[in-house]
Amino acid sequence: DQMLRGAKQPQQVVLSITQLNNFLEIQNTFGSAFGLRVLARVLDRARQLGPPGALLALVQPDRLACVMPASAAAALTRERIEAASEESYVVDGLPIHVEASMGLAEAPLHAQTAHELLQKASNAMHWAATSRSAISRYDSANDRTSRDNLILLGALPDAIARGELQVWHQAKVSLASGEVAGTEALLRWKHPQRGMVSPGSFIPQAEKTTL
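Quick look at the structure, then. What you are looking at is a predicted structure, and each value in this text was computed from that prediction instead of being measured. The residue numbering used here restarts from 1 in each chain and proceeds along that chain's sequence as written. Local features in a predicted model are, by the rule used here, given only for residues with pLDDT of at least 70; side-chain atom pairs are given and counted only at 80 or more, and totals for whole chains, interfaces and linings are based on all residues. Values reported for side chains reflect all heavy atoms of the structure, with hydrogen atoms and water molecules removed beforehand.

## Quick word on the pattern of salt bridges
Item 1. One speaks of a salt bridge when a side-chain nitrogen belonging to Lys or Arg is within 4 Å of a carboxyl oxygen belonging to Asp or Glu. Within this structure, the stated rule accounts for four salt bridges.
Item 2. Between D92 and R37 there is a salt bridge, with the nearest N and O atoms lying 2.8 Å from each other. Of this pair, D92 sits in the loop between β4 (89–91) and β5 (94–96) while R37 sits in helix α3 (residues 32–49), and the two are 55 residues apart along the sequence.
Item 3. Categorising residues by exposure relies on relative accessible area from a 1.4 Å probe, with only protein chains included: less than 20% of the type maximum marks a residue as buried, more than 50% marks it as exposed, and the intermediate range marks it as partly exposed. Taking relative accessible area as the criterion, R37 reaches 38% and is therefore assigned partly exposed.
Item 4. Here R137 ties to E106 by a salt bridge, and the two come within 3.5 Å at their closest N and O atoms. Helix numbering and strand numbering both begin at the N terminus, where a helix is a DSSP run of H or I of at least 4 residues and a strand a DSSP run of E of at least 2.

Shown next as structure tokens:
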């Protein structure tokens, strides 16, 4: 909150949330005391990776949050973060791999308050875990929890019943002959109030439902 408000002017702030996907499995296999030693190594590496002055917090037993100015976050390359997450930890002489998924969100670009920023970073983290990528930046198109997307998803069954969804065909042309070799079928939603709704605004959500 203090960083977002700023003494003189608000700062651009980046919040990352990292889920340790297999931490519970490690703890169940080797015991809680061993799990805490693994966690201590994870925190040590996070401190080394983050810029000086970054705020580091364990917000859940298997979830780590880090807050830093956007200018400092820009110096952290994706390759450096991925390399750090892929390197195993040696605990009690045993090599332990901790599988992690990181979500990033930025204020004021994605959120105006600390609470909202935490929510957006958590959403990006869940998307990273779902898509099996190490890092994901917040994208409203992937946010099933956003108000706009939830309203769209709620309107989708009636839209199907009213025939608002249309199939458009885009020609596939053979470069060798110049002839149309087929078409790509694309779904479009002609919304009565919003006009043509971008497929990215409803297709990813619809694919996760029975619709």
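## Regarding the sheet that holds strand β7 (residues 135–137)
Remark on secondary structure: sheet strands pair via backbone hydrogen bonds, oriented parallel or antiparallel.
Item 1. The five strands lie next to each other as β2-β3-β1-β6-β7, forming an open sheet whose pairing is mixed. Unpaired on one side and paired on the other, β2 (55–60) and β7 mark the two borders of the sheet. Neighbouring strand axes in the sheet, compared pairwise and without regard to direction, differ in orientation by 20° on average.
Item 2. In short, DSSP must find at least two bridges between two strands for them to pair. Sheet analysis places strand β6 (residues 100–107) next to β7, joined by three bridges and oriented parallel. The residue of β7 that forms the bridge with M102 is I135. All axes are obtained by fitting lines to C-alpha atoms, using only the stretch in contact for helices, and the reported angles, taken between N-to-C directions, cover 0 to 180 degrees.

## Side note on the packing of aromatic side chains
Given two aromatic rings, one states the distance between the centres and the angle between the planes to describe the pair.
Item 1. What counts as a ring pair is set by centres within 6.5 Å for rings of Phe, Tyr and Trp (its six-membered ring), and what kind of pair is set by the plane angle: stacked under 30 degrees, edge-to-face over 60, tilted for all other angles. On inspection of all chains with the given rule, the structure shows two aromatic pairs.
Item 2. One Lys or Arg, R45, reaches over the ring of Y89 and ends 3.7 Å from the middle of that ring. Look at NZ for Lys and CZ for Arg. If either is within 6 Å of the ring centre and within 35 degrees of the ring normal, a charge sits over the ring.

## Brief notes about the environment of D148
Item 1. With respect to the helices, strands and loops of the structure, D148 is situated in helix α7 (residues 147–161).
Item 2. When the C-alpha positions of D148 and S201 are compared, they lie 9.1 Å apart, and in sequence the two are 53 residues distant.

## Quick word on unusual backbone geometry
Item 1. Of note, the amide linkage connecting A107 to P108 takes the cis form, showing an omega dihedral of 5°.
Item 2. Mapped onto the fold, P108 is located in the loop between β6 and α6 (114–130).
Item 3. For D92, which is not a glycine, the phi torsion comes out positive at approximately 55°.

## Quick word on the sheet that holds strand β9 (residues 180–191)
Item 1. In spatial order, the strands read β8-β9-β10; together these three strands make up an open sheet with antiparallel pairing. Strands with a single pairing partner mark the edges of an open sheet, and in this sheet they are β8 (165–173) and β10 (195–197). The mean angle between the axes of side-by-side strands here comes to 45°, regardless of whether they run parallel or antiparallel.
Item 2. Here β8 runs beside β9; their pairing, made up of nine bridges, is antiparallel.

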